[in-house]
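Residues per chain are reported as follows:
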Amino acid sequence: MREDVNSLPPIESERLKIGKPKSVAAGITGVAKSFGIGFAEAGFGRTLKTMRTVNRFDGYDCPGCAWPDPDDHRSGFEFCENGAKAFATEATKKRLNPEVLSSKSVQEWSAYSDMELDKLGRLTEPMVLKNDSNHYQRISWDDAFSMIASAVEELENPNQAVLYTSGRASNEAAFLWGTLSRQIGTNNLPDCSNMCHESSGVALSQSIGIGKGTVKLDCFNHADLVLIIGQNPGTNHPRMLSALAQTKRNGGSVISINPLMETGLNRFKHPQEIFRLMGRGTPIADSHYPVRIGGDQALLQGVSKVILEEGNLDWKFIDNHVDGFEDWKSNIESLEWESIVAQSGIEQERITELGQAVSKSKNLIICWAMGITQHENAVATIQEASNILLAGGHFGRPGAGACPVRGHSNVQGDRTVGINHHPSEAFLAACEAATGIPMPRTSGYDSVQFVHAARENSVKLFMALGGNILSAMSDTEEVANGLRKIDLTVQISTKLNRSHLVTGKQALILPCLGRTEIDPAGFVTVENSMGVVHSSTGKIVPASSHLRSEPSIIAGIGEACFGSSPFSWGKFGGDHDRTRDLIESVLPGFDDYNVRVRNKGGFYLPNGPRDGPTWNTPTGKAMMRVHKFPERNIAEDRFILMTLRSHDQYNTTIYGMDDRYRGVYNARRIVMMNPVDMENMGLKPSQCVDITSHFNGRAINSPKWKVVPYQIPRGNLAAYFPEANVLIPLESVAKGSNTPTSKWVEVSVALHKD
Ligand SMILES: Nc1nc2c(c(=O)[nH]1)N[C@H]1C(S)=C(S)[C@@H](COP(=O)(O)OP(=O)(O)OC[C@H]3O[C@@H](n4cnc5c(=O)[nH]c(N)nc54)[C@H](O)[C@@H]3O)O[C@H]1N2
Ligand SMILES: Nc1nc2c(c(=O)[nH]1)N[C@H]1C(S)=C(S)[C@@H](COP(=O)(O)OP(=O)(O)OC[C@H]3O[C@@H](n4cnc5c(=O)[nH]c(N)nc54)[C@H](O)[C@@H]3O)O[C@H]1N2
Ligand SMILES: [Mo]
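Residues numbered from 1 in each chain as written. Chains lettered and ligands numbered in written order. Predicted model: local features only at pLDDT ≥ 70, side-chain atom pairs only at ≥ 80, totals over all residues. Heavy atoms only, no water.

**Structural notes on the overall build of the protein**
Then step 1. The helix and strand inventory of the protein stands at 28 helices and 31 strands.
Then step 2. At 25 Å, the protein has a C-alpha radius of gyration in line with the 27 Å of a compact globule built from 754 residues.
Then step 3. Referenced to the eigenvectors of the C-alpha coordinate spread, the extents of the protein come out at roughly 70 × 65 × 55 Å.
Then step 4. Relative to all contacts within the protein whose residues are 6 or more apart in sequence, the contacts with residues 24 or more apart total 78%.
Then step 5. Side-chain charges in the protein split into 77 positive and 83 negative, and the spacing between the mean points of these groups amounts to 6 Å. (Helix = DSSP H or I, 4+ residues; strand = E, 2+ residues; numbered from the N terminus. Rg over C-alpha atoms; globule rule 2.2 N^0.38 Å. Contact = heavy atoms within 4.5 Å. Lys, Arg positive; Asp, Glu negative; His and termini not counted. Charge placed at Lys NZ, Arg CZ, Asp CG, Glu CD.)

Here it is as structure tokens:
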């Protein structure tokens, strides 16, 4: 056992510098940063090539986020500062070759910070960590595949295998991955969306019969009101700011609902419109509602109260398309303003203003992301948002609808093509017919259930198609305990991260091509946040001649495990057209996949509420669902902590130490606190505190966080993940979606004593 491998990043003595939060996003600094990062990591030639081809019709899909590109035209450069960081870290010239990787033990590597691990560069060859060793060593592809085949053979039951997916995997890779899992005999397919937009999928499926958003990019040209709830687009979806600027230019309004006033929502300078960079930028949000963390359900119910009072509802739409209206109405009417105000932290007058704006809107878009989905009451909150959209009839016409803004660039596509721990019978039956493989019918584990199972010794084989489950999941130490009990853990990945160090008894690293790189099997395809399926063609020479594409690695594992009957694995992986033919034969909406995806910009998947509206629900109508407030009793001396992203990270990949827009420099182990709360506790800026989380009688302590005074509601705190994940108890999850409550952690804070 290798318990002495650090599952948490080391606590470094960071020289925190606190500046002023920025009032303008992007602009000239953003452009300079984009090029600077590229040149430093990837060099001049590779940078220009990656920058010229990203998000072009014939180029590759930016691995940064799932925000769509325009349907009909593309500018010379379709990327943002943070997209540039994402492809520069992939196109980097640095290599972590077998000699370097095996020169240190996993214990030694684990003393490196997450940023240092990433900066070691691209993995170049398959590596194995044997159970009698602490050093990775080289292994051939064939031997690696045989090891996996033996592990599969040794399973006492197929549900001891778990196949994780991170949302960057292409449709082709994801479809084959799901097929491999089901041929092993399990639906144990946890994925990053379990920690991300699962709540949106669950909520929207119940309310409107599809677990996806219902708007197109062009809708932002026609909306008269866009609500941005619990999302930080300036950092995480910077290209979205161009769409919002367009809404504004066309006379629409944008309202931000967020405990923090995030940079980019106040002012934004379009980085591609170089001549406008010197101006003051476009103001985006017309107003800002500093809701208390977790107060959105109450706020939306308050908005609903106003809408009902104003009476300006789309009665015809409600009559024709909506069930549950009367129940919703009486629930909302029964709520007291006093508790709405107390829960949301927003005054009644301000909620009334917001409600009136929503009530007047003819074309309303509601956008949201992690500030909503990672709460105990996430599903309820999203359904309140969808009730508001239904009351105004904001479906089935351009300029309006629901817009859950996805994270990973293909997380939506992965789910569409079968990365699902409880797949539908229709999908399984179609897969069975197309592949000849008998499909398992019992539901599998999601990410949280996987960790529980691993801790209970019920997992023998874990394989990950990308990602970093150790650091991305809640309760880091418990995830580590689980991983260590597994016989074999396998990472298919581009870069080393902590999940390669905290491993099972044996571990494999299978290095793969990234998005930016030339794949001899042709282009792959992805689906963006708006349901457009399009191609992605890598353009640069691969980091190493030993790398294989993800589909070819999966086909290699499949063949080693199961040979070529009934499913001829050997035919896949070398020609992605074939995999697309298979997907077409299984899934509705993919007709003529290989032809239509070669059209400029790809094609839209069918979307009932958008195209009809039609509703794939048990009653054939959309459903207004009713919710009470959650019971919450937070002691006086406790805080609610949210964990979020800095401007210099991509999930668990740390690019740099600054959070420029929030004015936090050179440090990540910080906690943002309201200055009045600081004063009450006698805390000074940069002072060190210990944080303890509390849940159902369990306490988890995490030492040494530096305090940053910040405009955040009183009683609320913010810290960065993955560092803060250790504080989030595994049991603290969203009702209905089982998503860790990364934005709601009850904590106490005490001065750190050395
Ligand atoms: N550069 C960059 N881009 C990324 C990523 C990245 O790490 N870096 N990650 C990608 C992924 S996978 C995802 S899912 C997305 C994530 O995109 P976001 O959801 O924007 O990411 P977070 O940093 O988690 O920010 C959540 C926001 O919600 C707010 N918030 C927190 N709690 C509440 C609440 O209770 N109510 C309200 N109204 N707001 C709240 C926070 O203040 C913050 O502004 O970004 C994607 N794009
Ligand atoms: N506390 C807290 N925790 C969170 C969140 C939060 O807001 N707060 N957010 C959650 C969210 S929204 C998400 S989506 C998850 C993210 O969870 P994951 O998707 O598991 O994590 P990432 O950090 O995105 O994974 C990064 C790793 O993917 C690998 N990789 C990169 N590119 C490729 C590729 O092209 N192919 C392959 N095979 N591998 C590649 C690299 O090895 C890299 O180190 O984290 C969740 N965790
Ligand atoms: Mo995400």
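On we go from here.
**Re the packing of aromatic side chains**
Then step 1. The final tally for this structure, using the stated rule, is 14 aromatic pairs.
Then step 2. Seen in terms of ring centroids, Trp-141 and Phe-145 are 5.8 Å apart; in terms of plane orientation they differ by 45 degrees. Their pairing is tilted. Pair noted here: Trp-141 and Phe-145 are both in helix α6 (residues 141-154), with a separation of 4 residues, about one helical turn.
Then step 3. By relative accessible area, Trp-141 is classed as buried at 9%.
Then step 4. Between the aromatic rings of Phe-567 and Trp-569, the centroid separation amounts to 4.8 Å while the plane-to-plane angle is 85 degrees, which identifies the pairing as edge-to-face. (Phe/Tyr/Trp six-rings, centres within 6.5 Å; stacked < 30°, edge-to-face > 60°. Buried < 20%, exposed > 50% of the residue type's maximum accessible area, 1.4 Å probe, protein only.)

**Focus on the side chain of His-421**
Then step 1. With respect to the helices and strands, the residue His-421 is situated in the loop between α19 (411-416) and α20 (425-435).
Then step 2. At 3.4 Å, the side chain of His-421 and the side chain of His-422 are in polar contact.
Then step 3. The residues contacting His-421, other than those within four sequence positions of it, are Asn-187, Leu-189, Asn-194, Glu-198, Arg-415, Ser-443, Gly-444, Tyr-445 and Asp-446. (Polar contact = N/O pair within 3.5 Å; in protein donor to acceptor, adjacent residues only side chain to side chain.)

**Side note on the sheet that holds strand β14 (residues 364-368)**
Then step 1. The strand order across the open sheet built from 5 strands is β12-β9-β8-β14-β15, with neighbouring strands paired in parallel fashion. In this open sheet, the two strands that pair with only one neighbour each are β12 (287-289) and β15 (401-404). Looking at each pair of strands side by side, their axes are set apart by 20 degrees on average, direction ignored.
Then step 2. Bridge count between strand β8 (residues 225-229) and strand β9 (residues 253-257): 5 bridges; the pairing is parallel. Across the sheet, Leu-227 pairs through a bridge with Ile-255, a residue of β9.
Then step 3. The strands that helix α11 (residues 240-249) touches are β8, β9 and β14; relative to β8, the one it contacts most, it runs at about 145 degrees.
Then step 4. Those strands touched by helix α16 (residues 348-360) are β8, β9, β12 and β14, and its axis lies near 125 degrees from that of β12. (Pairing = 2+ DSSP bridges. Axes fitted to C-alpha atoms, helices over the stretch in contact; angles between N-to-C directions.)

**Some thoughts on the site of ligand 1**
Then step 1. Around ligand 1 there are 33 residues in total, and Asn-258, Glu-262, Gly-294, Asp-296 and Asn-651 lie nearest to it.
Then step 2. The separation between a nitrogen atom of ligand 1 and a polar main-chain atom of Ile-257 is 3.0 Å.
Then step 3. Interatomic distance of 2.7 Å between a backbone N/O atom of Gln-649 and a nitrogen atom of ligand 1.
Then step 4. Coverage of ligand 1 by the protein chains reaches 99% of its 920 Å² of free accessible surface.
Then step 5. Of all the secondary-structure elements, those providing two or more residues to the shell around ligand 1 are α10 (233-236), α17 (370-373), β23 (639-644) and β24 (649-650). (Near = heavy atom within 4 Å. Areas by Shrake-Rupley, 256 points an atom, 1.4 Å probe, with all protein chains shown as cover.)

**Notes on the environment of Ser-256**
Then step 1. Structurally, the position occupied by Ser-256 is in strand β9.
Then step 2. Here Ser-256 falls in the buried class, since its relative accessible area comes to 0%.
Then step 3. C-alpha separation for the pair Ser-256 and Thr-619, spaced 363 residues apart in sequence, amounts to 34 Å.
Then step 4. Setting aside anything within four residues of it in sequence, one finds Ser-256 in contact with Ile-228, Leu-265, Ala-285, Ser-287, His-288 and Tyr-289.

**Concerning the site of ligand 2**
Then step 1. Near ligand 2 there are 31 residues, and of these Tyr-164, Ser-166, Ala-472, Glu-550 and Thr-652 occur at the shortest range.
Then step 2. In this structure, an oxygen atom belonging to ligand 2 sits 2.7 Å away from a side-chain N or O atom of Ser-166.
Then step 3. A distance of 2.9 Å separates a nitrogen atom of ligand 2 from a polar atom in the backbone of Ile-492.
Then step 4. Within the complex, the protein chains bury 97% of what would otherwise be the 930 Å² of accessible surface of ligand 2.

**Here we look at unusual backbone geometry**
Then step 1. A cis amide bond, omega 15 degrees, links Gly-612 with the succeeding residue Pro-613.
Then step 2. Inspection of the secondary structure assignment puts Pro-613 in the loop between α27 (608-611) and β22 (622-623).
Then step 3. Of the consecutive residues Phe-721 and Pro-722, the connecting peptide bond is found in the cis state with omega at 10 degrees.
Then step 4. By the secondary structure assignment, Pro-722 is in the loop between β30 (716-720) and β31 (745-751).
Then step 5. The backbone phi angle of Asn-651 is positive, close to 50 degrees, even though this residue is not glycine.

**Re the environment of Pro-703**
Then step 1. With respect to the helices, strands and loops of the structure, Pro-703 is situated in strand β29 (residues 698-709).
Then step 2. Taking the relative accessible area as the measure of exposure, Pro-703 reaches 29% and is therefore partly exposed.
Then step 3. Along the backbone, Pro-703 and Arg-415 are 288 residues apart, and their C-alpha atoms lie at a distance of 38 Å.

**With respect to helix α7 (residues 171-184)**
Then step 1. Between its terminal C-alpha atoms α7 stretches 20 Å, which fits the 20 Å expected from 14 residues at 1.5 Å a residue.
Then step 2. Summarising burial for α7: 14 of the 14 residues are buried, a large majority.
Then step 3. Just downstream of α7 lies Gly-185, where phi reads positive at about 115 degrees. (Expected span 1.5 Å × (residues − 1).)

**Section: the pairing of β31**
Then step 1. Counted residue by residue, β31 has 5 buried out of 7 residues, so it is predominantly covered.
Then step 2. Bridging between β23 and β31 involves 3 bridges; their strand directions are antiparallel. What sits directly across from Phe-639, in β31, is Val-747.
Then step 3. Where strand β28 (residues 688-695) and β31 come together, 5 bridges link them in antiparallel fashion. Its bridge partner lying in β31, Asp-690 is registered against Ala-750.

**Let's talk about helix α14 (residues 325-334)**
Helical geometry note: an α-helix holds 3.6 residues per turn, so side chains three or four residues apart project in the same direction.
Then step 1. For α14, the complete set of buried residues consists of Phe-325, Trp-328, Asn-331 and Ile-332. In a view along the axis of α14, the buried residues occupy a sector of 135 degrees, so they form one face of it. Among the exposed residues of α14, those pointing more than 90 degrees away from its buried face are Glu-326 and Asp-327.
Then step 2. Contact partners of the buried residues in α14: α12 (296-310), α13 (315-321), β13 (322-323) and α18 (378-391). (Arc of directions from axis to C-beta.)

**A word on the pattern of salt bridges**
A pair can form between side chains of opposite charge whenever their charged atoms are brought close.
Then step 1. Summed over all chains, the structure comprises 31 salt bridges.
Then step 2. Glu-517 is paired through a salt bridge with Arg-122; the nearest N and O atoms lie 2.8 Å apart. Pair noted here: Glu-517 is in the loop between β18 (506-511) and β19 (524-527) and Arg-122 is in strand β4 (residues 122-123), with a separation of 395 residues, a long-range link. There is no split in this pair, since Glu-517 and Arg-122 are both buried.
Then step 3. Look at the salt bridges and you will find they share partners, linking Glu-172, Asp-577, Arg-580 and Arg-598 into a network. (Salt bridge = Lys/Arg side-chain N within 4 Å of Asp/Glu carboxyl O.)

**A closer look at the side chain of Asn-468**
Then step 1. By secondary structure assignment, the location of Asn-468 is in the loop between β16 (461-465) and α22 (469-472).
Then step 2. Residue classification places Asn-468 among the buried positions, given a relative accessible area of 6%.
Then step 3. Looking at Asn-468, its side chain comes within polar contact range of the side chain of Ser-499, at 2.6 Å.
Then step 4. Polar contacts involving the side chain of Asn-468 include one to the side chain of Thr-652, which spans 3.0 Å.
Then step 5. Apart from the residues lying within four places of it in its own chain, the contact partners of Asn-468 are Tyr-164, Asn-497, Arg-498, Ser-499 and Thr-652.

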